[in-house]
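# Close look at the chain arrangement
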Amino acid sequence: MKKVVEAKEIKKVYGLKGTVFPVLHGIDLTVLEGEFAGIMGPSGSGKTTLLNILATIDQPTSGDIKIDGESILNMNEEQLSAFRRDKLGFIFQDYNLLDTLTVKENILLPLAIAKIKVWELEGRVDEIADKFGIRPILEKYPYQISGGQKQRTAASRAIISNPSLILADEPTGALDSKSATDLLESLKSLNKQDKATILMVTHDAFAASYCKRVLFIKDGNIFTELVKENTSRKDFFKKLLDVLNMLGGSESDIICCSKEKYKREF
Amino acid sequence: MTLFAVAKKNIKGNFKSYLIYFISMLFSVVIYYTFVSLQYSTEIAKGIESSQAMQSIFMVASVILILFVSVFILYSNNTFARKRKKEVGLYSLLGLQRKTIGRMLFYENFIMGTVVLVIGIAVGTFLSRLFSMILIRLLGISVDVGMVFSLKAVINTTIVFMAIILFTSIQGYRLIYKFKLIELFRAEQVGEQQPKTSVISGILAVLCLVLGYWFSFQRFSNNEEVLSNIGITLVGIILGTILLFSSAVVLLLKMKKRNKKSYYNGMNLVTTSNLVYRIKGNSRMLSVISLLSAVALSAVTVGVGMYYGFEENARLATPFSYMYISQDETFNKSVDNIIRGDEEHSVVAQMNISVAKSKGEASSSDILSGREANADENPVKIISVGQYNKIANILELTALPSIENEKTIAIRPMYTDYESSDYEGETITLNLPKEDITLEFVGMTVERVINWSYPDVMIVVNDEAYNKIEAQSSTVDYVGYVVEDQKTTKKTTDALAAIKMPQSKLSTFYTEYRLGIEGAAFNVFILGFLGLVFIMATGSIIYFKQLSEVTSDKPRYEILSKIGVSNRDIHMSILKQNAFIFGLPLVIGVAHYMAIINFLKRFFSNLAGVNLIQPIVLCVIIFGFIYAIYFGVTVNSSTKSVSGKSIPIVGALVTLVFMLMIALVGALLWTTPPAEKEESYTGEKVILELPKPTGQYEVGTTEIHLVDDTRVDPWVNDKVRELMISIWYPAQEESEEKALYMKPKAAKYYDENTVTTIGLHPGQIDLSGTVTNAWLNAPVENSDKGWPVILYSPGGTVPRNFGTAVVEDLASRGYVVVTVDHTYETSAVEFPGERLETGKLKAMNAETILKMLDVRVDDMRYVLDQLAEIQDGKNPDHEQSELPLGLGRALNLTKVGIFGHSAGGATSAQVMYEDDRVDAGIDMDGTMGYMPDYPLPVAKYGLNRPFMLMNSGYNKDGEVDSHLTADDRNSFWKNSTGWKLDLAIPEGAHYTFTDYQILFPQLDRKLSISPRVIQQSIGTAESDQVFEAQKNYIAAFFELHLKDIPQPLLDSPSTLYPEVEFIK
Ligand SMILES: Nc1ncnc2c1ncn2[C@@H]1O[C@H](COP(=O)(O)OP(=O)(O)OP(=O)(O)O)[C@@H](O)[C@H]1O
Ligand SMILES: [Mg+2]
């Protein structure tokens, strides 16, 4: 299989006025084409940081990343933004919607930038809006909608251009279970039908159970990795919970909630 | 840590956001200081002849500047304050008392203000040198300007800005009380609301603009119309602009949004939505910028246009550096010697030009008016096309095409804006001794080939026709010289003036050029300076606004970058947004400017006939350049603040344009011919001579200083009214000395200020050495009943001295004549103790003029009261100087007359209307009121006692000025029941009725004066003849009405004085 993203020895240090603050301690990570991988780990463990680095939004302090086999060190700004524009869909943890644009405009922005024809573009927006149930709010501005609606808008924007690599940072964090399931299902279908490669950060074991492989990060290192292989999603979910328990109590409340969710869902 | 220290730390910490505010303050200080220090510059004042005028122009300009600067600072302060709301909110959240925070903000503002002031003055010191150099270049004088540092300017600037800083500091203090905590936090978060728009207000905007523009193109014929037109134009444009930006532009953007195809195309989405999002906050700014740009452009264009028009007029009026009509051999030779003896201005070309002169009749009086026909026996000048083209070749003018037989091309008369089309279908018939030749006009040329003289009717015919005309008419041979550097030929001009003969009509380019150059230079400088400040300030306002916006836009661009928009596209979007914000007001401002300039062109008489295309293009280009620099800098700073990088090509372009500007200014500075060294006049001073009085008595005179304790001075308000009067009377015998024409201090003032307005230099005329024919304080000649008394009131701002010739003549015929200066209206009055009181009048509007006339009437009646006191043996002189022996006895106050020139004439009529003691009066060329709306009561109701009108010249429509053509005198005439007479001297001019009538020709004989000045002041008639006539008619009038001696002269026109017409 082709390696979509290959990260080697990624280190990230934030320097805050003289005191250095290491976040990532040398992470090796390979994402293969068509993979649906998950990343879990305690809050502040560096998940978002890692995702940003993989998305070329942030630069690692040291280490190298290869995208489709080419090192980003050799790419210029133009090429990097072309990669983000043409290949990448990013669902941000903090949504990153433009407050000057309506929901609809936010969603179609990637298509507009890619200069897709108007007739094609509007059809795609309607389609995706229906899928995520945000049709009624299409003409609203971000400051007029709720957090969950924002998250669905952000997700819509990330996947509207059928990107070959989707990075999702807690895409279900602000969603009710119905919406969360819808989103996860669409990610799953993108992965299956469109062969999109997906890397998803989540605190939610239920969401993570959609992945084929889940990496656990702790204190800036890859702590362990779980592969779903042929286990059912229910069993995989249980395994995930075990690892999370092992990782430490800090996540207990989330797991607890997830358990409840699990009770309802399965 | 004290609050003060915290404040200091804050400034350091917030340096970046402070910087913008800091720079805008600095900019204001620098500009203001530069300006004020120019105003106080003694070097410049020394180099300038009419320094008084300069001071007042600078005064007005600095008031405008200060208003503008305060608004500018307040604006930037507001923008800045909004940025800091959040910070203030944080402080209060941390538990700092509002009072403490307020004090802190106050200190911050204050520290910064002080620093700005110091740096501003330092920078201003350098800049003011540059600006004074520009001014001096424009004036064409040579003064060494060192670094201009004037304490007065520093103090002035400090006071003004301390006041502004204090005000803004207090505002900063109040800021925290005005807002609620939650608002302070949300200050930057609340999205600017999408503006609501209505199609109606969009349409209204367009309607307003159309209305405003339309009225700016309307013709106006009187003051009323000027006011209403300019009012409608301004209101239309201002309202239209505001509506345009608050609705029409938003509408336009929304329409753009609706066009999905382009809206959903790439970054258009972001660019347009950003503009819509901002437009509400920006619309006010954009309207202001548009209007300011229009004002700035108009100001600069008017200034440049006047300067340009003045140079152009000088060139047209005197195409040759020197020109005269060929005389005898010796004269021609000596002229040639003088011109060729001037090595600094070598002769480039010399030409003999023969011009035929003929009587004629034109199909339109615009081409040859009755007035022009009267002014010269042969008013039409004819030149052959061959001759014309030869000159055109030498002067580098465009040649004329060949002309058919019986056709002719007109040369445009000076000071008109005739066009070729005005001549279409018109003809001129030359009345030659043997035949009449009728020629049809086939065109007109602007370029003139003979130095100007009146009458100004010139036509070009083909050589064959010319020969035919020449054979049977008189010809005049002109000799013209072209020399190098003709702007600096002062010495030669003076030398030529010294030998000139009146019939040689010698004229020089230099004389014409220097006439009014100061006014033109000041206009262009001040208007240019103000325009520049306005432009720079508008550019800065956009810059600050855009920069503060881009700071809050930064997160948006970061998001865009995250989803794969390249820096290049982001930069392009920023560029486009800025292009819109800069471009829109530029386009609309230029459109407004075109409308305004169209109006102003007809409003300012100095712009009449000036081809403004060149100045307009120049101004728009310079304006565009400056704007482009601001645009580039703004785009650069914005992109830098967003991505840390700037668009390389924009940076390079800005540098390029900036260099170009510098080069342009440099070129302008260094290519204008170096100013000549201004040596003070060393030639012989012209001594003026007044004509000998014609009556039988010697004349005596005395001066009296009157102080009217009962009247607060209406012009200065903080003291009682003081007047200087002179009494002229028949003298028994000579005294020790003759009285001076003008007292020394006053003479100095007029030499420095008034003489320059006719194009002469201070020191050329010996004003203080000029004496009258009157014996100072001589004893008064006895008379049984006493002498009739005549009061004299001079024209507006004119001193009483300029009426001396006629006054002395009357006194010599047996009258006591009392001349009165109207203090603070008269340009300068000298009181005892060498105290000079100068004119305090501001704008000459209806209010001022009516008040002026009111004050004058009071002055004259008060003087009459004081004469009664003198008759009673009292001495009203404030210093109690001894009165001439027998003065009291000599007054016959039962026979009182009054006369005056211009405003003094109107005064005379109104005094008679109000005061029965006056029996008869004369108005010499004075409008009775402020027409058309404010006629004086005397014009409305007339008089029942003898009154004579004397008028000169023609009105705008070419009719002889008289009670038949002037509304005020018409009404006066109809309502007057007493003895009345209306005399006109059509070929005279307004100042015919002053000593100018006899003094100007004396000056013209010895100095180089522009023929235009003479024509405009005293007309074209033979000057001694006109003086004789007016003197005798005035005397006859008073002899008849104050002495009851019959005067046949007043019955019908006299062959002795053909220039005087009786208007019935
Ligand atoms: N710009 C920054 N400067 C300094 N420190 C940072 C910066 N961004 C993140 N950090 C620190 O790096 C660490 C990792 O942050 P990151 O956002 O990657 O965590 P996370 O795993 O995504 O947490 P969460 O699950 O809460 O989203 C945190 O301790 C955070 O404080
Ligand atoms: Mg995170």
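Predicted model, so just to flag it, every value in this text is computed and none were measured.

### Digging into the overall build of chain B
Tallying secondary structure elements over chain B gives 32 helices and 24 strands in all. If one aligns the C-alpha atoms of chain B with their principal axes, the spans along those axes are about 105 × 80 × 60 Å. Burial analysis of chain B (1064 residues in total) assigns 57% to the buried set.

### Looking at the site of ligand 1
Residues and elements named next belong to chain A. Within the structure, ligand 1 sits among 13 residues, and Ser43, Gly44, Lys47, Thr48 and Thr49 are positioned closest to it. The backbone of Ser45 places a nitrogen or oxygen atom 3.2 Å from an oxygen atom of ligand 1. Here ligand 1 loses 65% of its free accessible area of 630 Å² to cover by the protein chains. Class assignment of the residues belonging to the shell around ligand 1 gives a composition of 4 nonpolar, 8 polar and 1 charged.

### Topic: the coordination of the magnesium ion (ligand 2)
All names here are of chain A. All of the protein donors around the magnesium ion (ligand 2) are Thr48 (OG1) and Gln93 (OE1); their distances to the metal are 1.9 to 2.3 Å. You can see Thr48 sitting in helix H1 (residues 47-54) and its partner Gln93 sitting in the loop between strand E6 (88-91) and helix H3 (103-113), a full 45 residues away along the chain. Using a relative accessible area of 28% as the deciding quantity, one classes Thr48 as partly exposed.

### A closer look at unusual backbone geometry
Across the junction of Tyr454 of chain B and Pro455 of chain B, the peptide omega takes the value -5°, indicating a cis bond. By secondary structure assignment, the location of Pro455 of chain B is in the loop between strand E6 (436-445) and strand E7 (457-461). In this structure, Asp68 of chain A takes a positive phi of about 50° despite not being glycine. A residue is classified by how much of its surface remains accessible, and Asp68 of chain A, at 34% relative accessible area, is partly exposed.

### A closer look at the pairing of strand E15 (residues 816-821) of chain B
Residues and elements named next belong to chain B. Counting buried residues along E15, 6 of its 6 residues qualify, which places the element largely inside the surrounding structure. Judged by which residues are buried, E15 turns out to be covered on both faces: Val816, Val818 and Val820 on one side and Val817, Thr819 and Asp821 on the other are all buried. Both strand E11 (residues 720-731) and E15 contribute to a ladder of 5 bridges, which runs antiparallel. Residue pairing in the sheet places Ile727 in a bridge with Val818 of E15.

### A look at the sheet that holds strand E10 (residues 221-227) of chain A
Residues and elements named next belong to chain A. Reading across from one edge, E6-E7-E8-E3-E9-E10 is the order of the 6 strands in this open sheet, with mixed pairing throughout. The two strands at the open ends of the sheet, each matched to only one other strand, are E6 and E10. For this sheet, the mean angle separating the axes of adjacent strands, direction not counted, is 15°. Pairing analysis gives 4 bridges linking E6 to strand E7 (residues 165-169), with the strands arranged parallel. The residue bridging Gly89 from the neighbouring strand is Ile166, located in E7. Packing of helix H6 (residues 177-193) onto the sheet brings it into contact with strand E3 (36-40), E7 and strand E8 (197-201), and relative to E8 it is tilted by some 150°. Across the sheet, helix H8 (residues 233-247) is in contact with E3, strand E9 (213-218) and E10; its angle to E10 comes to roughly 160°.

### Things to note about helix H4 (residues 118-132) of chain A
Residue and element names in this part refer to chain A. When the terminal C-alpha atoms of H4 are compared, their 21 Å separation across 15 residues agrees well with the 21 Å that a helix rising 1.5 Å per residue should span. By the burial criterion, the buried members of H4 are Val118, Leu121, Val125, Ile128, Ala129 and Phe132. Relative to the axis of H4, the buried residues are bounded by an arc of 105° and lie together on one face. Residues of H4 that are exposed and point more than 90 degrees away from the buried face comprise Trp119 and Glu127.

### A few points about the packing of aromatic side chains
Two measures describe an aromatic ring pair: the distance that separates the ring centres and the angle between the ring planes. With the rule as written, the count across this model stands at 32 aromatic pairs over all chains. Note on Tyr749 of chain B and Tyr750 of chain B: the rings are 5.5 Å apart at their centroids and 85° apart in plane angle, and the pair reads as edge-to-face. Comparing Tyr749 of chain B with Tyr750 of chain B, the two get one shared label, buried. Measuring from centroid to centroid gives 6.0 Å for Tyr750 of chain B and Phe802 of chain B, while their planes differ by 70°, and the two rings are edge-to-face. Placement of Tyr750 of chain B in helix H23 (residues 744-753) and of Phe802 of chain B in the loop between strand E14 (787-793) and helix H24 (804-812) is noted, with a sequence separation of 52 residues between them. The residues Tyr750 of chain B and Phe802 of chain B share a single accessibility class, namely buried. Positioned over the ring face of Tyr210 of chain A is Arg233 of chain A, at 4.0 Å from the centre of the ring. Above the plane of the ring of Phe831 of chain B lies Arg835 of chain B, whose end atom (NZ or CZ) is 4.5 Å from the centre.

### Digging into the packing of helix H8 (residues 199-216) of chain B against helix H20 (residues 567-603) of chain B
Residue and element names in this part refer to chain B. Axis separation between H8 and H20 bottoms out at 8 Å; the angle between their running directions is 30°. With respect to H20, the element H8 is oriented roughly parallel. Facing H8, whose interface residues are Leu209, Tyr213 and Ser216, H20 presents Ile588, Ala591, His592, Ala595, Asn598, Phe599 and Arg602. Split by residue class, the contact of H8 with H20 holds 6 nonpolar, 3 polar and 1 charged.

### Regarding a negative patch on the surface
All names here are of chain B. On the surface, Glu343, Glu344, Glu484 and Asp485 cluster together to form a negatively charged patch. Position of Glu343 among the secondary structure elements: in the loop between helix H12 (329-341) and strand E2 (347-362). With relative accessibility at 75%, the residue Glu343 sits in the exposed group.

### Quick notes on the sheet that holds E14 of chain B
All names here are of chain B. Pairing is mixed across the open sheet formed by 11 strands, whose spatial order is E12-E13-E10-E11-E15-E14-E18-E19-E22-E23-E24. Looking at the sheet topology across the chains shown, the edges are occupied by strand E12 (738-740) and strand E24 (1061-1062). Sitting on the sheet, helix H27 (residues 903-914) is in contact with E14, strand E18 (891-901), strand E19 (920-924) and strand E22 (947-952), with an inclination near 140° to E18.

### Describing the pairing of E6 of chain B
Residue and element names in this part refer to chain B. Sheet analysis places strand E4 (residues 407-411) next to E6, joined by 5 bridges and oriented parallel. Counted as the bridge partner of Lys407 is Glu440 from E6. By the bridge criterion, 5 bridges tie strand E5 (residues 427-431) to E6 in an arrangement that is antiparallel. Opposite Thr427, over in E6, you have Glu440 as the bridge partner. Hairpin remark: E5 followed by E6, antiparallel, with 4 residues in the connecting loop.

### Description of the interface of chain A and chain B
Facing the 26 residues of chain A at the interface are 25 residues of chain B. Carbon and sulfur atoms supply 60% of the area that chain A and chain B bury against each other, a total of about 2400 Å² over both sides. Counting every contact that joins chain A to chain B gives 2 salt bridges. The partner of Arg568 of chain B in a salt bridge is Glu78 of chain A, and the shortest N-O contact between them spans 3.9 Å. The interface formed by chain A and chain B includes 5 residue pairs in polar contact (both at pLDDT 80 or more). Looking at the side of chain A that touches chain B, the elements with two or more residues in it are helix H2 (77-86), H3 and H4 of chain A. The residue makeup of the side of chain A that touches chain B, split by class, is 13 nonpolar, 3 polar and 10 charged.

### Side note on helix H19 (residues 517-562) of chain B
Its 46 residues place the ends of H19 of chain B 63 Å apart at the C-alpha level, agreeing with the 68 Å of an ideal helix rising 1.5 Å per residue. The sharpest bend along H19 of chain B measures roughly 45° and falls at Asp553 of chain B, with the proline Pro555 of chain B sitting one to four residues further on.

### A short note on the pattern of salt bridges
The final tally for this structure, using the stated rule, is 49 salt bridges over all chains. Between Asp456 of chain B and Arg448 of chain B there is a salt bridge whose closest N-O contact spans 3.0 Å. Asp456 of chain B sits in the buried class, given a relative accessible area of 4%. Where Glu703 of chain B meets Arg800 of chain B, a salt bridge forms, and the shortest distance between an N and an O atom there is 2.9 Å. Of this pair, Glu703 of chain B sits in strand E10 (residues 698-712) while Arg800 of chain B sits in the loop between E14 and H24; the two residues are 97 residues apart in sequence, bridging distant segments of the chain. Residue Glu703 of chain B is classed as partly exposed on the basis of its relative accessible area of 30%. Linked through salt bridges whose partners overlap, the residues forming this network are Asp99 of chain A together with Arg278, Glu549, Asp553 and Arg556 of chain B.

Conventions and cut-offs
Residues numbered from 1 in each chain as written. Chains lettered and ligands numbered in written order. Predicted model: local features only at pLDDT ≥ 70, side-chain atom pairs only at ≥ 80, totals over all residues. Heavy atoms only, no water. Helix = DSSP H or I, 4+ residues; strand = E, 2+ residues; numbered from the N terminus. Buried < 20%, exposed > 50% of the residue type's maximum accessible area, 1.4 Å probe, protein only. Near = heavy atom within 4 Å. Polar contact = N/O pair within 3.5 Å; in protein donor to acceptor, adjacent residues only side chain to side chain. Areas by Shrake-Rupley, 256 points an atom, 1.4 Å probe, with all protein chains shown as cover. Nonpolar A, V, L, I, M, F, W, Y, C, P; charged D, E, K, R; others polar. Donors = N, O, S within 2.8 Å, 3.2 Å for Na, K, Ca; no water. Pairing = 2+ DSSP bridges. Axes fitted to C-alpha atoms, helices over the stretch in contact; angles between N-to-C directions. Contact = heavy atoms within 4.5 Å. Expected span 1.5 Å × (residues − 1). Arc of directions from axis to C-beta. Phe/Tyr/Trp six-rings, centres within 6.5 Å; stacked < 30°, edge-to-face > 60°. Lys NZ or Arg CZ within 6 Å of the ring centre and 35° of its normal. Parallel < 35°, antiparallel > 145°, perpendicular 65-115°, else oblique. Patch = residues over 30% accessible without salt bridge, like charges linked within 9 Å, V, L, I, M, F, W, Y side chains within 5 Å. Salt bridge = Lys/Arg side-chain N within 4 Å of Asp/Glu carboxyl O. Lys, Arg positive; Asp, Glu negative; His and termini not counted. Charge placed at Lys NZ, Arg CZ, Asp CG, Glu CD. Buried area = accessible area lost by both parts, 1.4 Å probe. Bend = angle between axes of the 7 residues up to and from the residue.

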